[in-house]
Amino acid sequence: MSVISYIALYLTVINLIGLCIMGIDKLKAKKRTWRIPESTLFVVALIGGSLGTTCGMFLFRHKTRHWYFLYGMPAILIIQIAIVVLLLYSPIQFVII
């Protein structure tokens, strides 16, 4: 497998995890049981799962009343996309082995 394949696999898995933990936390909120900490939700978004957590937030209508989620999760996604675009179009050549 190439490096690109590993990166794509990682991003797929971490975004599925982000989507799932938003759904699980919503289910736990409805049942009034122990919840997933908000810091965990943000950490998953920061390490690459921002698309999954943002989609999960709107899909499950979870955490949309909290301004720091409503604006924070999409902001993390936009920043991560901007970093990738800047790296792709930077004058520095990255060697992919």
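Residues numbered from 1 in each chain as written. Predicted model: local features only at pLDDT ≥ 70, side-chain atom pairs only at ≥ 80, totals over all residues. Heavy atoms only, no water.

Undergrad: Is there a simple way to explain the packing of aromatic side chains in this structure?
TA: As enumerated under the stated definition, the model contains 3 aromatic pairs in all. Taken together, a centroid distance of 5.7 Å and an interplanar angle of 85 degrees make the contact between W67 and Y68 edge-to-face. Ring centres of Y68 and F69 lie 5.4 Å apart, and the angle between their planes is 50 degrees; on these two criteria the pair is classed as tilted. Taking the relative accessible area as the measure of exposure, F69 reaches 0% and is therefore buried. Three or more aromatic residues joined by ring pairs make a cluster, and in this case those are F42, W67, Y68 and F69. (Phe/Tyr/Trp six-rings, centres within 6.5 Å; stacked < 30°, edge-to-face > 60°. Buried < 20%, exposed > 50% of the residue type's maximum accessible area, 1.4 Å probe, protein only.)

Undergrad: Can you help me understand helix α1 (residues 3–31) in this one?
TA: Spanning 29 residues, α1 covers 42 Å between terminal C-alpha atoms, matching the ideal 42 Å at 1.5 Å per step. Tucked inside the fold, the buried residues of α1 contact α2 (38–59). Within two residues after α1, R32 carries a phi angle of roughly 55 degrees, on the positive side. (Helix = DSSP H or I, 4+ residues; strand = E, 2+ residues; numbered from the N terminus. Expected span 1.5 Å × (residues − 1). Contact = heavy atoms within 4.5 Å.)

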